[in-house]
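# Structural overview
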Amino acid sequence: MAADSEFHVLAVDDSIIDRKLIERLLKTSSFQVTTVDSGSKALEFLGLHEDDGIINTNTPSVSPNNHQEVEVNLVITDYCMPGMTGYDLLKKIKESSSLKNIPVVIMSSENVPSRISRCLEEGAEEFLLKPVRLSDLNKLRPHMLKTKIKDHQEPEKQDKEEKQQQPQSNNNNRKAMEEGISTEKIRPRLNGITAMV
Amino acid sequence: MNQMAIAALKNQYKSFVQSMFDEGVLDNQFSQLQDLQDSSNPNFVDEVITLFCNDAERIITEMNRYLNYQNVDFSKLDSHVHQLKGSSSSIGAHRLKLACVNLRQASYERNKEECVEAFNSIRHEYCLLRSKFQFLMQIERRIVALENNQQ
């Protein structure tokens, strides 16, 4: 059985600086990292053809369900990207029968409550405000562990656990949005900026 | 002798970075980057600075091009400013980031004159930042050269 400490994260960001940063942060946190610069490349890496969910015929896959050549334990993606946004990518992953269990985390430089709730409702595990810090990444491992544990449990039990865990995280996020409380996830950036961002 | 020179250079580096913090040119995010540099990644800060400067110059050139058209494509302009703002934020370039916010505002208002003014401010802040970064990197390289000589 492979060591559970070797988690592989796929990081998606169109900014070369942010890719370098997230890669360093993830490696410092002892994750294996692959970075790509677009949502479509992320889907390619995950083995999904962008348009129709069918495997790209150029990749040497065997069956429709076994297209992932490298296991990805978490996808962390920027929200604002040209072409396919992080939200679009999130949707595609969650709509895919083979990929939907991969936890997805969204990063954004903008603190927009409606954007945050949209992503969480679509199934994102976390919404991180950029610039992302090392402490933010400590929240990732539990989501990856959860998936590994789930893989070994019966379906019934999985659903029960999911339901138990979800309300709590939703409450925290809602509270943060309603009360404008600075949680670790959602850190309002004030910095005396009065102009509209 | 080398030890003293290295120590002096390191102090110079530290003081200069501090002055950049004090002037608001850099913010705490730059410290985060410094913390990510270690013996396994000894050139991390240098590499990020280089990537940032190349990217910033590319974006600034593009923005300049858009602003030179009679009919400014504000939406394209905005998407470029957004990129630069993001990079600035990621590297801790505080004043440059604020200059980007101003340009976004002017772009949102579709006010060409204000955009030009805000853009000039961005260019000014970037040039200032770049020259300071260059100075820092020079010190860093001298430290590395001396440390390598010692081995």
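Residues numbered from 1 in each chain as written. Chains lettered and ligands numbered in written order. Predicted model: local features only at pLDDT ≥ 70, side-chain atom pairs only at ≥ 80, totals over all residues. Heavy atoms only, no water.

- The name given to chain B in an unreviewed UniProt entry is Histidine-containing phosphotransfer protein, with Hibiscus syriacus as the source organism.
- What UniProt records for chain B under Function (unreviewed entry) is the sentence "Functions as a two-component phosphorelay mediators between cytokinin sensor histidine kinases and response regulators (B-type ARRs). Plays an important role in propagating cytokinin signal transduction." (UniProt positions renumbered as here; feature names shortened; annotations may be inferred.)

## Some thoughts on the sheet that holds strand β4 (residues 104–108) of chain A
Residue and element names in this part refer to chain A.
- Strand order in the open sheet made by the 5 strands is β2-β1-β3-β4-β5, with parallel pairing throughout. Because the sheet does not close on itself, it has two edges, and the strands there are β2 (32–36) and β5 (126–129). Within the sheet, the average angular offset between the axes of one strand and its neighbour, ignoring direction, is 20°.
- The pairing of strand β1 (residues 8–12) with β2 spans 5 bridges and is classified as parallel. (Pairing = 2+ DSSP bridges. Helix = DSSP H or I, 4+ residues; strand = E, 2+ residues; numbered from the N terminus. Axes fitted to C-alpha atoms, helices over the stretch in contact; angles between N-to-C directions.)

## Some points on the UniProt feature "modified residue: Phosphohistidine" (unreviewed entry) in chain B
- UniProt marks His82 of chain B with the feature "modified residue: Phosphohistidine" (unreviewed entry), using the numbering shown here.
- As for its placement among the helices and strands, His82 of chain B is situated in helix α4 (residues 74–91).
- With a relative accessible area of 17%, His82 of chain B lands in the buried category.
- In contact with His82 of chain B, other than residues within four places in its own chain, are Cys80, Ser109 and Glu110 of chain A together with Arg104 of chain B. (Buried < 20%, exposed > 50% of the residue type's maximum accessible area, 1.4 Å probe, protein only. Contact = heavy atoms within 4.5 Å.)

## Thoughts on the environment of Met84 of chain A
Residues and elements named next belong to chain A.
- Within the secondary structure, Met84 sits in the loop between β3 (74–78) and α3 (86–95).
- On the basis of relative accessible area, Met84 is assigned to the buried category, the value being 9%.
- Sequence separation between Met84 and Lys41 is 43 residues, and the spatial gap between their C-alpha atoms is 10.0 Å.

## Describing the nonpolar core
- Counting residues in each nonpolar core, the largest one holds 66 residues, and the members touching the most others are Leu26 and Ile76 of chain A together with Phe52, Met63, Leu77 and Phe133 of chain B.
- In this view, Ile76 of chain A contacts Val9, Leu10, Ala11, Val12, Ile22, Leu26, Val105, Met107, Leu128, Leu137 and Leu140 of chain A; residues no more than four positions away in its chain are not counted.
- Ranked by size, the runner-up nonpolar core spans 25 residues in total, among them Val36, Leu48, Val75 and Leu89 of chain A. (Core = buried A, V, L, I, M, F, W, Y, C linked by side-chain atoms within 4.5 Å.)

## Re the UniProt feature "domain: HPt" (unreviewed entry) in chain B
- When the UniProt feature table is mapped to this numbering, "domain: HPt" (unreviewed entry) covers residues 41–143 of chain B.
- Taken end to end, residues 41–143 of chain B comprises 86% helix and 0% strand; its first and last C-alpha atoms sit 16 Å apart.

## A closer look at the pattern of salt bridges
Residues and elements named next belong to chain A.
- For the structure on display, the rule yields 20 salt bridges over all chains.
- Here Lys130 and Asp78 are joined by a salt bridge, their closest N and O atoms 3.2 Å apart. Of this pair, Lys130 sits in the loop between β5 and α5 (134–137) while Asp78 sits in strand β3, and the two are 52 residues apart along the sequence.
- Note on Lys130: relative accessible area 10%, which makes it buried.
- Salt bridges sharing common partners tie together Asp13, Asp18, Asp78 and Lys130. (Salt bridge = Lys/Arg side-chain N within 4 Å of Asp/Glu carboxyl O.)

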